[in-house]
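Residue-level listing of the chains:
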Amino acid sequence: MKKRLSLILFAIVVIMEVQAQRPVTITSPDKKISLQFWLDAAGQPFYIIEYGKNKILGASPLGIIRQDGDFTKNLTLLSSPESKKISEKYQLVNAKRRNNSYQANQHTFHLKNAGGEPMDIIFRLSNDGVAFRYFFPGRTDTLIKIEQEKTSFHFPAETRAWLQPMSKAKSGWEKVNPCYEEFYEKGIEAGKPSTLGVGWVFPALFRTGNNWVLITEAGVDENYCASKLENVDERGYIIAFPDPLEIFSGGVNKPESALPWHSPWRIITIGRLATIVESTLGTDLAPSPAKHDYSFAKPGKASWSWPILKDDSITYPVQKRFIDYAADMNWQYCLIDVNWDTKIGLDSIQLLINYAKQKNVGVWLWYNSAGSWNTTPYHPRSKLLTHEDRVREFSMLQKMGVAGIKVDFFGGDGQSMMKYYIDMMNDAAAHGLMINFHGATLPRGWQRTWPNLMTAEAIKGFEYVTFEQKNADEEPAHCTVLPFTRNAFDPMDFTPMSLYRIPRIRRKTTAAFELALSVIFLSGVQHFAETPRGMSHMPDYIKDFLRNLPTAWDDVKFLDGVPGEFVILARKQGNAWYVAGINGQSVEKEITIDLSHFKKRQGVLITEGAGQEFFSRETLPIPADGRFTVKLKAGGGFIITL
């Protein structure tokens, strides 16, 4: 009886303790973003985010369910939040901004579950958003497994969303999915179920009132899987793990690790569209570089035969011509694509590398990542599966003088596939090789941790425009979404810029639109789709523009735009600014641009030509108030150099 009474009294005390916990409010350095955190009566953690007086996220549950314990309910807050200031500076040569500064207020909530096991939730609030992650501070040698992550995001009524649906595992051509290659749903009602039934990929863009929110993740390593969003209710989303099929052969899918153990950062960028475009939260929260000498990793522009000329172009004479093309255009690289091992052969590839070196052009080579996870016929394949395989192959490539490798067809976000990516980046770095991931996952800030990762596809890129007319029809609007979503933080190998003709396709973009993508899209190595033949039809001033276009940028500024409609942004290199704009709509658009920020009195405008001309160019006097009006054709574009 006494024992039973003691248990009842203990339960009452615990319930009263939990119910007595009021929300704790934490703020960003400028006080504009505030977050409330609390445990409800059931001991479940919740948070709310406000920006100014506007609610960004309503009450949203948090927590982790491990195989050995539940950290979503019956939690106890052990103490007041532990707080500290975060101040970091770092440089990136493969990003929207060279010199980056991250300031945040960090608050750590120490919790324990009903079994007495500890878990921390670490929040960081900066002036451009919120980030948080879970930490299990114990110490074990055995593997702990996570079954579910209950992190959720509940938006106010009337929130709209710009989301890319996740594709079903092992669907698509030769079972290559998921590879983040679907068109975005634009301006849909938040909470609408995914069109393909398996959730939404990161980054996910939302508009609530006059404010915008971009959700993504960073700090994904070999101890966690990549994640996505799934609908949980009206206007609500939850973190979801990959399909069990999305694994390296025989590997694990859901997260498992020994302790101590951090989850990836959940990132919520908040503000106007300028904040979304100019923020660096996606790399601010990524770990600093792994210990390698990365001086070999140099941004550049590349010629590439495959997008227009396809498989038949992988021959010695054609690739020699594309090396000459890169040299003439002052581009740093040439990519030789699929089946080079048999259609050209190793000895002749060495001759091409030697020839390219004489012309100051580096050669990249294509590889198939598989493995058993897809049935694609392209090769070389199964050359990179183990550390021993990679050391053997990369040692050979290093001796040959190869600049980098493009690795394709991964098709998975499981933890074992994350380890495959990371092992490959480490082994490539040890052999002085740059990397481009295709048919791949979102990089999630990896380019900061592994600076030899120059770019990744993870987008429905230009190659799809060459496949079907319906993709060409969607290209103008699609391209206006990407600076706010896929390309907001991470380099993107869209492979832009077809200035002339696309076989069997009626283009819906002008040559000026395509040229503008060379500035609007960000990629450490920008693989241009245009061929030597197509470039021969362009005026000399366009060739000179592309010869002198920077390979890396110092800064970015958003000027105007609406995702799905149009976008205008500026990138800086040295003392020069490049202002680029595209119209994604099917009607002509007149846009007034405010150039006063740049304090320039004159620039050069390149835009659509009249009649049969591809382009027009004129010197642009800038009015005293800095405001300039440009008319864009449907699917049109422009570039102003200042």
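Our structure is the block above this text.
The rules behind these values
Residues numbered from 1 in each chain as written. Predicted model: local features only at pLDDT ≥ 70, side-chain atom pairs only at ≥ 80, totals over all residues. Heavy atoms only, no water. Helix = DSSP H or I, 4+ residues; strand = E, 2+ residues; numbered from the N terminus. Rg over C-alpha atoms; globule rule 2.2 N^0.38 Å. Buried < 20%, exposed > 50% of the residue type's maximum accessible area, 1.4 Å probe, protein only. Contact = heavy atoms within 4.5 Å. Areas by Shrake-Rupley, 256 points an atom, 1.4 Å probe, with all protein chains shown as cover. Lys, Arg positive; Asp, Glu negative; His and termini not counted. Charge placed at Lys NZ, Arg CZ, Asp CG, Glu CD. Pairing = 2+ DSSP bridges. Axes fitted to C-alpha atoms, helices over the stretch in contact; angles between N-to-C directions. Salt bridge = Lys/Arg side-chain N within 4 Å of Asp/Glu carboxyl O. Phe/Tyr/Trp six-rings, centres within 6.5 Å; stacked < 30°, edge-to-face > 60°. Lys NZ or Arg CZ within 6 Å of the ring centre and 35° of its normal. 1 Å grid on protein atoms, 1.4 Å probe; cavity = no way out; pocket = protein on both sides within 12 Å on 5 of 7 lines; lining within 4 Å. Points joined across faces, edges and corners; volume = space filled by probe spheres on them. Nonpolar A, V, L, I, M, F, W, Y, C, P; charged D, E, K, R; others polar.

Student: I tried to follow the overall build of the chain on my own but got confused; where do I start?
Tutor: Along its length, the chain carries 15 helices and 37 strands. Computed over C-alpha atoms, the radius of gyration of the chain comes to 25 Å, within 12% of the 26 Å expected from 2.2 N^0.38 for 642 residues, which places it in the range of a compact globule. For the chain, the spread of C-alpha atoms along the three principal axes comes to 95 × 60 × 40 Å. The buried share among the 642 residues of the chain stands at 60%. Once local pairs closer than 6 in sequence are excluded, the contacts in the chain between residues at least 24 apart make up 71%. For the chain, the accessible surface area stands at approximately 24,500 Å², while carbon and sulfur atoms represent 49% of it. Here the chain contributes 74 positively and 69 negatively charged side chains, and the mean placements of these two sets differ by 3 Å.

Student: How do you make sense of the sheet that holds strand 26 (residues 404-408) when you look at a structure like this?
Tutor: For sheets, the rule is that strands pair by backbone hydrogen bonds, running either parallel or antiparallel. A sheet is described by the order of its strands in space; here seven strands give the open sequence 28-27-26-25-24-23-29, paired in parallel fashion. Looking at which strands have only one partner, the edges of the open sheet turn out to be strand 28 (453-456) and strand 29 (525-527). Direction aside, neighbouring strands of the sheet carry axes that sit 25 degrees apart on average. Contacts from helix 8 (residues 387-400) reach strand 25 (362-368) and strand 26, with the element oriented near 160 degrees to strand 25.

Student: How should helix 13 (residues 511-520) be read in this particular structure?
Tutor: Spacing of three or four residues puts side chains on the same side of an α-helix, whose turn is 3.6 residues. Of all 10 residues making up helix 13, 10 are buried, and the element is well covered by its neighbours. Considered for burial, the residues of helix 13 that qualify are Ala511, Ala512, Phe513, Glu514, Leu515, Ala516, Leu517, Ser518, Val519 and Ile520.

Student: Just checking my understanding: could you explain the pairing of strand 19 (residues 236-240) for this structure?
Tutor: Moving residue by residue along a regular strand, the side chains alternate between the two faces of the sheet. Across the five residues that make up strand 19, a large majority, five, are buried. Alternating residues of strand 19 divide into Gly236, Ile238 and Ala240 and Tyr237 and Ile239, and every residue in both groups is buried. Bridging between strand 13 (residues 152-154) and strand 19 involves three bridges; their strand directions are antiparallel. Considered in strand 19, the bridge of His154 is made with Gly236.

Student: Teacher, can you tell me more about the pattern of salt bridges here?
Tutor: Any two side chains of opposite charge can pair, given that their charged atoms come close. Going through the model one piece at a time under the given rule, you end up with 22 salt bridges. As a salt-bridge pair, Lys145 and Glu256 come within 4.0 Å of each other at their nearest N and O atoms. Taken together, the positions of Lys145 in strand 12 (residues 144-149) and Glu256 in strand 20 (residues 256-257) put the pair 111 residues apart, joining distant regions of the chain. A relative accessible area of 16% means that Glu256 is categorised as buried.

Student: Would you explain the packing of aromatic side chains in this entry?
Tutor: By convention here, two paired aromatic rings are described through the distance between centres and the angle between planes. In total, this model carries 43 aromatic pairs according to the counting rule given. On the numbers, 6.0 Å between centres and 80 degrees between planes, the contact of Tyr224 with Phe241 is edge-to-face. With Tyr224 in the loop between strand 17 (211-218) and strand 18 (228-233) and Phe241 in the loop between strand 19 and strand 20, this residue pair connects regions lying 17 residues apart in the sequence. Both residues of the pair, Tyr224 and Phe241, belong to the buried class. Considering the side-chain rings of Phe410 and Tyr420, the 5.9 Å spacing of their centres and the 55 degrees angle between planes classify their relative orientation as tilted. Here Phe410, found in the loop between strand 26 and helix 9 (415-430), pairs with Tyr420, found in helix 9; they are 10 residues apart in sequence, far enough to count as distant. Three or more aromatic residues link up through ring pairs in this structure, and these residues are Phe248, Trp373, Phe410, Tyr420, Tyr421, Phe437, Trp446 and Trp450. Across the ring face of Tyr90, the terminal group of Arg448 is positioned such that the distance to the ring centre comes to 3.8 Å.

Student: Explanation requested: the environment of Val481 in the structure shown.
Tutor: Summarising the element assignment, Val481 is placed in helix 12 (residues 469-481). Residue Val481 is classed as buried on the basis of its relative accessible area, which comes to 0%. Residues Val481 and Phe566, 85 residues apart in the sequence, show an inter-C-alpha distance of 8.4 Å. Once residues within four sequence positions are removed from consideration, Val481 is found in contact with Tyr184, Lys186, Pro563 and Gly564.

Student: Can you walk me through the pairing of strand 37 (residues 637-641) in this structure?
Tutor: Of all five residues in strand 37, four are buried, a share of seventy percent or more. In terms of strand pairing, strand 32 (residues 576-583) meets strand 37 through five bridges, oriented antiparallel. Residue pairing for strand 37: Tyr578 is matched across the bridge by Thr641. Across three bridges, strand 34 (residues 602-608) lies against strand 37 in antiparallel orientation. Within strand 37, the position partnered with Val604 by the bridge is Thr641.

Student: Explanation requested: empty space enclosed by the protein in the structure shown.
Tutor: To find the voids left in a structure, one rolls a probe of water-molecule size over its atoms. In this structure the tally under the stated criterion is five cavities of 30 Å³ or more. In this structure, the largest cavity occupies an estimated 120 Å³ of space. Taken together, 17 residues form the lining of the largest cavity, with Ser523, Gln526, Pro550, Thr551 and Trp553 sitting closest to its centre. For the lining of the largest cavity, the per-class residue count stands at nine nonpolar, seven polar and one charged. Of the volumes computed, that of the second largest cavity is approximately 50 Å³. Lining the second largest cavity, in full, are Lys96, Val277, Pro483, Asn487, Ala488, Ile520, Leu522, Val556, Leu569 and Arg571. When its residues are assigned to classes, the lining of the second largest cavity shows seven nonpolar, one polar and two charged.

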